[in-house]
Amino acid sequence: MTDSETTGTSTDGPVDTGRTGATAVPEVPRRSQAAPVSRLPQLAAGGALAATLTWVVVVVLCARRGLDLTDESFYLLSYRWWNVNFDAFTGVQYVYGPVFQLLGYDIGLLRIVRLLVTVATHAWLGWAFMGWLRVQRPSAPDTRWWEVAGAATITACAGITYSWLPLSPGYNDLALSCAFVLAGGTLRVARDNALDRPPPAWVPVGMGAAAVVMALAKWSSAALVLLGVVVVLVAVHVAARQSLVRLGRLAALGVAGVLLMAGFVQFLLVPFQTIVPPMLEVNSRVADSTNSPGALMARYRTGGETLVDDVVAQYWPLLLAAVLTPLLARWMRIGVTLAVLALGWSVVQVVRRDGTLAGSPNLLTFTVTIFAPLAAVLLAAMAAGLVSAVRERGSRQDGEGSWRPHLARAVVVVMLLVLPVAVSVGTGNLLQFMAVLGLAAWVALAIMVVTAPWARQRATQVLLVGAVGGIVLATTCIAVDGLWNRPYRTSGFSASTATVQDVPALESVRVAPDDAAAYTELRRQLMPYVERPGRAMMPFDGMAGLVYLLDGRPVGEAWYSRLDTARSTAGVIRTCDDDRWWGARKPIVLFNRPVTDLERSALRHCGIHLARYEKIRVTVPIPDVVVYVPRNGS
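Residues numbered from 1 in each chain as written. Predicted model: local features only at pLDDT ≥ 70, side-chain atom pairs only at ≥ 80, totals over all residues. Heavy atoms only, no water.

Visitor: Before we go on, may I ask you to explain the state of the cysteines in this structure?
Guide: Throughout this description, disulfide means a covalent bond between two cysteine sulfur atoms. Within this structure, the stated rule accounts for 1 disulfide. Bridging cysteine 576 to cysteine 606, the disulfide has an S-S length of 1.8 Å. As the torsion about the S-S bond is roughly 105°, the cysteine 576-cysteine 606 disulfide counts as right-handed. Within this pair, whereas cysteine 576 is found in helix H21 (residues 565-578), its partner cysteine 606 is found in the loop between helix H22 (597-605) and strand E6 (613-617), the two being separated by 30 residues in sequence. For cysteine 576, a relative accessible area of 4% corresponds to the buried category. You can call cysteine 606 buried: its relative accessible area is 3%. The thiol sulfur of cysteine 157 is not disulfide-bonded, and the nearest other cysteine sulfur, from cysteine 477, lies at 13 Å. With no disulfide of its own, cysteine 178 lies 20 Å from the sulfur of cysteine 157, the closest cysteine sulfur. Relative accessible area serves as the criterion here: at 6%, cysteine 178 is assigned to the buried category. (Disulfide = S-S within 2.5 Å. Helix = DSSP H or I, 4+ residues; strand = E, 2+ residues; numbered from the N terminus. Buried < 20%, exposed > 50% of the residue type's maximum accessible area, 1.4 Å probe, protein only.)

If you want it as structure tokens, here you go:
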């Protein structure tokens, strides 16, 4: 994966083929018959593929184990009623809902679909990036193993998406996958422009289709990502001096992809006039309350400051070594020793702090584990670049228009640097918790640094390769732990051994024995009311899982937020005003806390008086659950 170390200087740009200035068309140099081929790319590829295979196998093994009653069940519940329940802040149900239905509502198979999508989109990003990087590194080893090594390393980092997200697919991982499709397409276009040839038609068409899917999944992130992609595409066309005709062809094919996917949704799934109005209304309520822009920005700033403080406090020797090793080119042994000691010390820190434990409770810890080597790569790149610039100052005479290839390279770097953050915008979590899921984009930049001619100094290579290898190893450990031992809000593999009897919705998964017994008993208690699927239910708060396992259908949003009861009750009132689809079978109401006047008012608006309901206390993993059912037993 890395260029072989050389003495003397080397250019970091396309080779000249006789065309003038920035219009020179790069071409990949051919390896001579006698040129030796390093086996390092093969070793790197083997290691990265082994890491990927490790967590992929664990995903498959754990696909039918455990169930989260909160966020994951919210996804499953929205997918179950994807074409009749439209109150939602995201349109991910129109993507995975039909898939879930085609799979026979099999939760295990749906989790495998998520795995396939995740691996495929990361592999696409990796291969497209390495194809683009080949043009930027004309002296790279002339073997396909070089591209395979880089692409496999990037793909291995997909494991981080299993660090703390629910096991079933949701809007966050789908938005990230779409963003990587768009970024990979942009890289392919940039590569073909540099080689003075039009990209295949399927690339912009696929990008247009992915843009529609991303807008459905997470519109706030999609707007930022799409704007950035358009800017980058225009910039690379300007840098390559491509004609307006070629740019127009690219735009037309992209629009065609948008129209094809939009038409598919409109005519074969659900019309946009049905999807968009309730989604806008729900998002308006979200923006006015818990996830207001001002509150989010304050949260992001506080989280960023905490991350920087923790990385510096815990891994300052690694960061210091990253700055010093490029400066020790004349003292190679000292530099290598410093790099090895810093890397070794960092490993000790990770072990001491349990830095590869996954799950929500360990988010602060394992994000520092990942960001520390990324910060080291950044500092080493800055230091090595500065040293190289000082050494070569005045040694080059840039020709007219030489800024163009630098512009093309710079916008791609900025795109990959910003992409994980752009996808994360809008989350109510700390920004770094979501951004780390886009680790693959940052590792791609780290590979760019590792293969840079100005970073070939031995000590710098040791530190950079060690940092990237450490990221891949840490990601694999975190992914395995997040799947096997600490899956999101559910029991691990060894504890999830029992099938849930007489609960059709959960027949495709195993859960902890106590949970299985509780779910079976809950359904038995409520059988007279839920014998037919689709019973209207109002779960206050965060109990989508109980609605799902009872084959119920939510009134209003599938997710009733504990932090925003006004939003939940507003959804209930809107549904009652628009369409009381339940008819004479009045909704079942669930509470895991005392009923407030706000909920009583909303229920009365719907003709529901809890005083006329029977109260049933149930024992489930969610504490203090009370179920209100109509006294007439209907």
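Visitor: What should I look at first to understand the pairing of strand E7 (residues 626-630) in this one?
Guide: Regular strands have side chains that alternate between both faces of the sheet. The buried count for E7 comes to 5 of 5 residues, which makes it a mostly enclosed element. In E7, alternate side chains face the same way, and those of Val626, Tyr628 and Pro630 on one face and Val627 and Val629 on the other are all buried. In this structure, strand E5 (residues 588-591) lies alongside E7, joined through 3 bridges in antiparallel fashion. Among the inter-strand pairings, leucine 590 is bridged to a residue of E7, identified as valine 627. (Pairing = 2+ DSSP bridges.)

Visitor: In this structure, what is going on with a nonpolar patch on the surface? I would like to understand it.
Guide: Side chains of Val308, Val312, Trp316, Leu320, Val323, Leu324, Leu327 and Trp345 sit close together on the surface and give an oily, nonpolar patch of about 700 Å² of accessible area. The element best represented in the nonpolar patch is helix H11 (residues 293-324), accounting for 6 residues. Its location among the elements puts valine 308 in helix H11. On the accessibility criterion, valine 308 (49% relative accessible area) is partly exposed. (Patch = residues over 30% accessible without salt bridge, like charges linked within 9 Å, V, L, I, M, F, W, Y side chains within 5 Å. Areas by Shrake-Rupley, 256 points an atom, 1.4 Å probe, with all protein chains shown as cover. Salt bridge = Lys/Arg side-chain N within 4 Å of Asp/Glu carboxyl O.)

Visitor: Please clarify how unusual backbone geometry should be interpreted in this entry.
Guide: Where the residue is not glycine, phi is negative for most of them; where a peptide bond is considered, it is trans in most cases. A cis geometry characterises the amide bond from phenylalanine 540 onward to aspartate 541, with omega recorded as 0°. A positive phi angle, near 60°, is found at aspartate 551, a position not held by glycine. Summarising the element assignment, aspartate 551 is placed in the loop between helix H20 (544-549) and strand E4 (552-554).

Visitor: Got a minute to help me understand the side chain of aspartate 68 in this structure?
Guide: By the element assignment, aspartate 68 lies in the loop between helix H1 (40-62) and helix H2 (71-80). Among buried charged residues, aspartate 68 stands out as having no salt bridge; its nearest opposite-charge side chain is arginine 489, 5.1 Å away. Here the side chain of aspartate 68 touches aspartate 71 through a polar contact of 3.0 Å, landing on its backbone nitrogen. At 2.9 Å, the side chain of aspartate 68 forms a polar contact with the backbone nitrogen of glutamate 72. Aspartate 68 has contacts with Ser73, Tyr488, Arg489 and Thr490, leaving out every residue within four places of it along the chain. (Lys, Arg positive; Asp, Glu negative; His and termini not counted. Polar contact = N/O pair within 3.5 Å; in protein donor to acceptor, adjacent residues only side chain to side chain. Contact = heavy atoms within 4.5 Å.)

Visitor: What am I meant to see in the sheet that holds E7 here?
Guide: Think of a sheet as strands paired side by side through backbone hydrogen bonds, with each pair either parallel or antiparallel. Sheet architecture is open: 5 strands sit in the order E4-E3-E5-E7-E6, paired in mixed fashion. Each having just a single partner strand, E4 and E6 make up the two edges of the open sheet. Here the average twist between neighbouring strands, direction ignored, is 30°. Of the pairings in the sheet, the one linking strand E3 (residues 535-540) to E4 comprises 3 bridges and is parallel in character. Bridging across to E4, methionine 537 finds its partner in proline 554. (Axes fitted to C-alpha atoms, helices over the stretch in contact; angles between N-to-C directions.)

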